[in-house]
Amino acid sequence: ASWVPPNHPRRESLLIRERLVDGFKEGYVATQGLIAHGRGECFDYLIGESSIPPALTAERVAVAALLIAKHPVISVNGNTAALVPRQVIELAKLVNAKLEVNLFYRTREREELIARVLRENGAEEVLGVGDDASCTIPELFSERRRVSCRGIYIADVVLVPLEDGDRTEALRRMGKIVIAIDLNPLSRTSRAASITIVDNVVRAIPNMIKFAEEMRGMPRDELIRIVRNFNNEENLRSVIMFIRDRLSELVSKGITLEFSKS
Ligand code: PTJ
């Protein structure tokens, strides 16, 4: 990423793209993962590329749900491994969750490469690779149906960053609490999840780490109360109203940039 100018106004965004391109060249980010990222970037513009209040609420509730879970699992795909490898491991440790590789475009090679990336970043155990993924999610036909019998299959709470809607629905039908991280508030995943975090995964996971550090010592009753009081429909409405209000404000304030000759 040495070509990215240090003072480029969109430096952060360009560097994030480079991480995905590197992961793609190394063979573990799916080609389609690059397209998915572009879609995410578009929605990130609409929310102002920051963690908006309803996202912070959902992140806090998600951490509470992970902390009270019996078998919490964090599902990792190519994009997540490229963008937040260290951070998903740190979060998993803080909430005592297992890490499982689970791919939409599944190949043995990508599975193993992602497990390697996670191990290189400090993960001790990575589920879902090869024969470990021998249980199946009912009614699901993508390659994502194959899951670890010690992981997603028995999980009560699953965190799925950048997911496809199909599996979210299938996991809900199995009675699991599904936490999605998806910049698109209108995606099927966002609408089917139990707790939807409309935020960029590069901000969401670090925020969740901070919440987990704060909330680890909380009484269980308090955590249960936080989860019970949450309403995903209401929270998604707040996200959409936030976008609407932000766009209205932009329109009234003016959109074009000013330039003065020096
Ligand atoms: O690694 P694999 O094989 O499991 O494949 C991963 C992708 C992401 C290619 C696969 O799951 C897929 O095709 O996903 P979709 O259906 O394109 O959905 C991805 C969703 O993630 C879209 O709604 C995007 O808006 C959103 N998204 C993209 N980048 C980010 C994001 N959400 C949060 N943070 C991002 N950085």
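Remember, it's a predicted structure, so these values are computed and weren't measured experimentally.

Before going further, it helps to examine the site of the ligand. Near the ligand lie 23 residues; those nearest to it are Ala-36, Gly-40, Asn-77, Gly-78 and Asn-184. With seven residues, the single largest contributor to the shell around the ligand is helix H2 (residues 31–47). Across the shell around the ligand, the residue classes break down as 10 nonpolar, 10 polar and three charged.

With that settled, consider the confidence of the model for the protein. Model confidence for the protein is summarised by a mean pLDDT of 95, while 100% of its residues fall at 70 or above. This complex was scored by the predictor with a pTM of 0.97 and an ipTM of 0.98.

Quick look at helix H11 (residues 232–253) now. Owing to its 3.6 residues per turn, the α-helix aligns residues three or four sequence positions apart on the same side. When the terminal C-alpha atoms of H11 are compared, their 31 Å separation across 22 residues agrees well with the 32 Å that a helix rising 1.5 Å per residue should span. By the criterion of burial, H11 is predominantly exposed, with just two of the 22 residues buried. Just past H11, the residue Gly-254 takes up positive phi, approximately 105°.

So, about the sheet that holds strand E8 (residues 195–197). Two modes of strand pairing occur in sheets, parallel and antiparallel, and in both the strands are linked by backbone hydrogen bonds. Strand order in the open sheet formed by six strands is E3-E2-E1-E6-E7-E8, with parallel pairing between adjacent strands. This sheet does not close on itself; its edge strands, each paired only once, are strand E3 (126–127) and E8. In this sheet, E3 lies alongside strand E2 (residues 98–101) in parallel orientation, the contact comprising two bridges. Of the residues in E3, the one forming a bridge with Leu-99 is Val-126. Contacts from helix H6 (residues 108–120) reach strand E1 (72–76), E2 and E3 within the one sheet, and its direction differs from that of E2 by about 150°. Where helix H7 (residues 165–173) meets the sheet, its contacts fall on strand E6 (157–161) and strand E7 (177–181), and the angle it forms with E7 comes to roughly 160°.

Conventions and cut-offs
Residues numbered from 1 in each chain as written. Predicted model: local features only at pLDDT ≥ 70, side-chain atom pairs only at ≥ 80, totals over all residues. Near = placed C-beta within 6 Å. Helix = DSSP H or I, 4+ residues; strand = E, 2+ residues; numbered from the N terminus. Nonpolar A, V, L, I, M, F, W, Y, C, P; charged D, E, K, R; others polar. pLDDT = per-residue confidence, 0-100. Expected span 1.5 Å × (residues − 1). Buried ≥ 20, exposed ≤ 12 C-beta atoms within 10 Å, placed from the backbone. Pairing = 2+ DSSP bridges. Contact = placed C-beta atoms within 7 Å. Axes fitted to C-alpha atoms, helices over the stretch in contact; angles between N-to-C directions.

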